Amino acid sequence: MGSLFVILAEMDKVLVSLILVAISLGISFVYNLVISFRLRASKSFYLSSMLFPSIVTAVVSMVSIFLDATATAAVRIATIAVALGLIRFRSVNGRAEELLILFGGIAFGLIAGLGYIAYAAIFAFVIAALYVGLSYSKLFQGKRFASDKLLKITIPETLQYSEVFDEVFAKYLKNNELVRVKTTGLGSMFILSYKIEMKNNVDEKQFIDDLRTKNGNLEISILPYVEDDKAL
């Protein structure tokens, strides 16, 4: 199967690029929709995952048009690598959506720098509109996190916690994941944070009581699970 730039050679190349961006968005939507049936991820993650491919498509297609047929394959590859390298950045404690906005800004800035001002403006508007629309939509919202909770267990420092709760977890939980271990009480105790999904019709009080027999009757709490690990 040939490149769409070759198949639609008679069409304006910028228009072909817009078609490619739209196709990329459609593919990423279907991809994320299928993945969401299994992957336990946040709406923010899925929103970003849906829009990132379109941004990359826009950058690569614009660079390809800019180089046109006069550049060799090696020059094309090198230039695209440099263009994508400009978008590579670090962000401290950045959320997926924040990275998406930064990535998009650098991308349409690069496109404008290549001289495609109108395309950069259209692209920026479309990405912004899609971001706002998807943010307000209920797509992927609560799809995998509605039943997830945050379990925090305080244990003495002498307790080997790697397997001590396995029997209780197997009885009451569908899934569990240790997401954080924190010392407290000047190192005399640990606070274990688990992301859990409880089985249907589980007696939460009995679950806590069974855990208390394992942790020496220290503090235990069950809270709504949030994706920001600073809340753990």
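These numbers were taken from a predicted model, which means no experiment stands behind them. Sequence order as written defines residue numbering, which begins from 1 separately in each chain. It should be noted that, the model being predicted, local features are given only for residues of pLDDT at least 70 and side-chain atom pairs only at 80 or more, the latter also being counted only at that level, while totals for whole chains, interfaces and linings use all residues. Hydrogen atoms and water are omitted, and side-chain values are computed over all heavy atoms in the structure.

Asker: I tried to follow a nonpolar patch on the surface on my own but got confused; where do I start?
Answerer: Taken together, M11, L15, L18, I122, F125 and V126 make up a surface patch of nonpolar side chains, about 510 Å² in accessible area. Secondary structure elements are defined from DSSP: runs of H or I of at least 4 residues count as helices, runs of E of at least 2 residues count as strands, and each element is numbered from the N terminus. Elements that contribute at least two residues to the nonpolar patch include exactly α2 (13-35) and α6 (117-136). Per element, the largest residue contribution to the nonpolar patch is three residues, and it comes from α6. Mapped onto the elements, I122 comes out in helix α6. We call a residue buried when its accessible area falls under 20% of the maximum for its residue type, exposed when it is over 50%, and partly exposed in between, using a 1.4 Å probe and counting protein chains only. With relative accessibility at 42%, the residue I122 sits in the partly exposed group. Patches in this entry comprise residues that are over 30% relatively accessible and not in a salt bridge; like charges within 9 Å are linked, as are nonpolar side chains (Val, Leu, Ile, Met, Phe, Trp, Tyr) within 5 Å. For accessible areas, the Shrake-Rupley method is used with a probe of radius 1.4 Å. Any residue's cover is judged against the shown protein chains and nothing else. By definition, a salt bridge exists where a carboxyl oxygen of Asp or Glu is found within 4 Å of a side-chain nitrogen of Lys or Arg.

Asker: Can you help me understand the nonpolar core in this one?
Answerer: Burial of nonpolar side chains together is a common tendency in soluble globular proteins. In terms of nonpolar packing, the biggest core is built from 26 residues, with I55, A58, M62, I111, Y116, Y119 and F123 touching the most fellow members. Counting residues per element, the ones that place at least two in this core are α3 (43-67), α5 (96-113) and α6. Here this core takes 11 residues from α3, the largest share from any one element. Residues I153, F165, F169 and I222 belong to the second largest nonpolar core, which totals 16 residues. The criterion is simple. A nonpolar core is a set of buried Ala, Val, Leu, Ile, Met, Phe, Trp, Tyr and Cys residues joined through side-chain atoms within 4.5 Å.

Asker: Explanation requested: the packing of α3 against α5 in the structure shown.
Answerer: A packed helix pair is summarised by two numbers, namely the angle formed by the two axes and the spacing between the axes. Only the contacting stretch of a helix is used when fitting its axis, a line to C-alpha atoms as for every element, and angles between N-to-C directions run 0 to 180 degrees. At a closest axis distance of 9 Å, the pairing of α3 and α5 adopts a crossing angle of 15°. Classified by the angle their axes make, α3 and α5 are roughly parallel. Crossing geometry of α3 relative to α5 is assigned as left-handed. For the pair formed by α3 and α5, the contact residues are S44, F45, L47, S48, L51, F52, I55, V56, A58, V59 and M62 on the first element and A96, E97, L99, L100, F103, G104, A107, L110 and I111 on the second. Any residue that is not Ala, Val, Leu, Ile, Met, Phe, Trp, Tyr, Cys, Pro, Asp, Glu, Lys or Arg is counted as polar, Gly included; the first ten are nonpolar and the last four charged. A class-by-class count of the residues in the contact of α3 with α5 yields 16 nonpolar, three polar and one charged. With respect to orientation, any angle under 35 degrees is reported as roughly parallel, any angle over 145 as roughly antiparallel, any angle of 65 to 115 as roughly perpendicular, and every other angle as oblique. Note: crossing handedness is left-handed where the near helix turns anticlockwise from the far helix by less than a right angle, and right-handed where it turns clockwise. Pairs of residues are marked as contacts when any of their non-hydrogen atoms sit within 4.5 Å.

Asker: Sorry if this is basic, but what is going on with unusual backbone geometry here?
Answerer: With the exception of glycine, most residues fall at negative phi, and the peptide bonds are largely trans. Here N201, not a glycine, exhibits a phi torsion of approximately 60°, which is positive. Examined against the element boundaries, N201 turns out to sit in the loop between β3 (189-198) and α9 (204-212). Classification of N201 as exposed rests on a relative accessible area of 83%. Residue N217 is not a glycine yet carries a positive backbone phi of 65°. Assignment of secondary structure puts N217 in the loop between α9 and β4 (220-224).

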